Amino acid sequence: MVRVVRKTTNNSELIFGSNSITSRQVIEMLSSPDSASMCRKLGIFRSYPIIGDEYCAMAREFIAAHGELMTRLLSGEAVEEEVIQVLIRNYLNYPSQVSAKAFFEITATRDRALNAAMMQHLSALSPRDSINILGYGADSCADERRIAEGLIKRGACKEAIIFRYNPFSSLQHSDINDVQSTEMEGMGGTEFDIVLAFWTLHHVFPEHRWSEIGAFLKRVAPEGTVVILEEGDLQSPPSASPAERAYHFMVLCQDIIVNRALRPEWLDTPENFYAKYLSSQDMQLMEAYFPRPFQRHIPSINREGVIDETILFYDCP
């Protein structure tokens, strides 16, 4: 089980102060030359300051050119699609200083810690001859392969079969079994001992988000495990205050900046890029698809108090 550090405030409070802050005060803070010091409280901005610098420039430009849209966003009147498309179109006009190589080097320590936590939990699975692993939204399946190799090495299984659901991936792998959510309908068929969804759900459009992954959750095998790894603070309520919406705007900008460095082809068509960060209410919608009772392990957070990623384990008896 992941060791839990209890936190007393939401990320929005840690970054923007009190959740009673008004929309006008948020805009003044984001427009201030001192906004860089505020964003340093978010882990990736602290460890890779160039991302924070680009975020600050991006936010100031957005407010200067689209102040009315920002006001509507902070009040909850603007929809995410409208904001995302404006942000991407504006941002693509500026040269980026973010390096994919540097990003992976900087996040390597974080990734090792996440992998260690996952392997510790998954190694507690009862031994079996074969394990079916589903990568929901996986692309290269590097994480799925690493987990499969680790389980075989630790004696949890003799073989691991990897499945992938990603209708948008152009990568083909001879050792990966691509599946569709429609294949999960009806009785019988494949059951999954492990379902992995890493940094994926917040990019799925709302009309597909829960029904798609729900189709796979219904196929979790007895004594199976689901691992959800997401950006943002899943312990937060649905974004209701200007501070909470400003925090989500901040993470959205970070998402665009990082994905431009890692997956530039994705941003060439802004209408295909979507991001809405999950709240505890969202997770309740997903959890309703489990076919039987489950044990949910409380999200882990880093020792500095700000959740950059949240990891959830669901064990299904």
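So, here is what we can say about the structure in this document.

Thresholds applied
- Residues numbered from 1 in each chain as written.
- Predicted model: local features only at pLDDT ≥ 70, side-chain atom pairs only at ≥ 80, totals over all residues.
- Heavy atoms only, no water.
- Helix = DSSP H or I, 4+ residues; strand = E, 2+ residues; numbered from the N terminus.
- Buried < 20%, exposed > 50% of the residue type's maximum accessible area, 1.4 Å probe, protein only.
- Lys, Arg positive; Asp, Glu negative; His and termini not counted.
- Salt bridge = Lys/Arg side-chain N within 4 Å of Asp/Glu carboxyl O.
- Contact = heavy atoms within 4.5 Å.
- Pairing = 2+ DSSP bridges.
- Axes fitted to C-alpha atoms, helices over the stretch in contact; angles between N-to-C directions.
- Phe/Tyr/Trp six-rings, centres within 6.5 Å; stacked < 30°, edge-to-face > 60°.
- Lys NZ or Arg CZ within 6 Å of the ring centre and 35° of its normal.
- Nonpolar A, V, L, I, M, F, W, Y, C, P; charged D, E, K, R; others polar.
- Right-handed = clockwise from strand over helix to strand, strands pointing away.
- Expected span 1.5 Å × (residues − 1).
- Core = buried A, V, L, I, M, F, W, Y, C linked by side-chain atoms within 4.5 Å.

**Let's talk about the side chain of aspartate 282**
Point 1. Assignment of secondary structure puts aspartate 282 in helix α12 (residues 280–287).
Point 2. Lacking a salt bridge, the buried aspartate 282 has arginine 209 as its closest oppositely charged neighbour, with an N-O distance of 4.8 Å.
Point 3. The contact partners of aspartate 282, leaving out residues within four places of it in the chain, are Trp210 and Tyr277.

**Some thoughts on the sheet that holds strand β3 (residues 177–178)**
Point 1. Taken in spatial order, the 7 strands make up an open sheet running β3-β2-β1-β4-β5-β7-β6, and their pairing is mixed. Edge positions in the sheet fall to β3 and β6 (295–296), since each has one partner strand and no second.
Point 2. Along the sheet, helix α10 (residues 206–217) contacts β1 (128–136), β2 (157–165), β4 (192–198) and β5 (220–231); its crossing angle with β1, the most-contacted strand, is approximately 175°.

**As for the environment of leucine 267**
Point 1. Within the secondary structure, leucine 267 is located in the loop between α11 (242–262) and α12.
Point 2. Beyond its immediate stretch of four places on either side in the chain, leucine 267 contacts Ile88, Leu92, Ile256, Asn259, Arg260 and Phe273.

**Remarks on the packing of aromatic side chains**
Point 1. Enumeration according to the criterion identifies 13 aromatic pairs in this entry.
Point 2. Ring centres of tyrosine 136 and tyrosine 165 lie 5.4 Å apart, and the angle between their planes is 25°; this geometry places the pair in the stacked category. With tyrosine 136 in strand β1 and tyrosine 165 in strand β2, this residue pair connects regions lying 29 residues apart in the sequence.
Point 3. The exposure class assigned to tyrosine 136 is buried, which follows from its relative accessible area of 2%.
Point 4. The exposure class of tyrosine 165 is buried, given its relative accessible area of 4%.
Point 5. Between tryptophan 266 and phenylalanine 273 the ring centres are 4.8 Å apart and the planes differ by 55°, which places this aromatic pair in the tilted class.
Point 6. An aromatic cluster is built from Tyr136, Phe163, Tyr165, Phe192 and Phe216, whose rings are joined through pairwise contacts.
Point 7. For arginine 260, the ring lying beneath its charged end belongs to tyrosine 91, and the centroid distance is 4.9 Å.

**Section: the packing of helix α8 (residues 100–122) against α11**
Point 1. Look at α8 against α11: their axes get within 8 Å of each other, and the N-to-C directions meet at 115°. Residue-level inspection shows Ala100, Phe103 and Phe104 of α8 in contact with α11, the latter providing Val258, Ala261 and Leu262.
Point 2. Of the residues that constitute the contact of α8 with α11, the class distribution is 6 nonpolar, no polar and no charged.

**A closer look at the pairing of β1**
Point 1. Along β1, 7 of the 9 residues are buried, which leaves the element largely enclosed by surrounding structure.
Point 2. Here β1 runs beside β2; their pairing, made up of 8 bridges, is parallel. Counterpart to asparagine 132 in the pairing with β2 is isoleucine 161.
Point 3. Chirality of the crossover, the property in question, places the unit of β1, helix α9 (residues 142–153) and β2 among those that are right-handed.

**Thoughts on the pairing of strand β7 (residues 309–316)**
Residues in a regular strand project their side chains so that they alternate between the two faces of the sheet.
Point 1. Counting buried residues in β7 gives 8 out of 8 residues, a clear majority hidden from the surface.
Point 2. Residues of β7 alternate between two faces, with Glu309, Ile311, Phe313 and Asp315 on one and Thr310, Leu312, Tyr314 and Cys316 on the opposite face, all of them buried.
Point 3. Sheet analysis places β6 next to β7, joined by 2 bridges and oriented antiparallel. Bridge pairing links arginine 296 to tyrosine 314 in β7.

**Some points on helix α7 (residues 80–91)**
Point 1. If you check α7, its first and last C-alpha atoms are 16 Å apart, about what 12 residues at 1.5 Å a residue would give, namely 16 Å.
Point 2. All buried positions along α7 are accounted for by Val83, Ile84, Val86, Leu87, Ile88 and Tyr91.
Point 3. The secondary structure elements touched by the buried residues of α7 are α5 (49–65), α6 (67–75) and α11.

**Describing the side chain of threonine 225**
Point 1. Here threonine 225 lies in strand β5.
Point 2. With residues up to four places along the chain from it excluded, the contact list for threonine 225 reads His121, Leu122, Leu125, Asp193, Ile194, Val195, Val220, Tyr314 and Asp315.

**So, the nonpolar core**
Point 1. Counting residues in hydrophobic clusters, the biggest one holds 48 residues, and the most contacted among them are Tyr55 and Phe249.
Point 2. Listing elements by their share of this core, those giving two or more residues are α1 (11–16), α2 (23–31), α3 (35–39), α4 (43–47), α5, α6, α7 and α11.
Point 3. In terms of residue count, the dominant contributor to this core is α11 (11 residues).
Point 4. Dropping the residues within four chain positions of it, phenylalanine 249 is found in contact with Tyr55, Ala59, Phe62, Met70, Leu73, Val83 and Leu87.
Point 5. Formed by 26 residues, the second largest nonpolar core is a distinct cluster that contains Phe163, Val204, Trp210 and Ile228.

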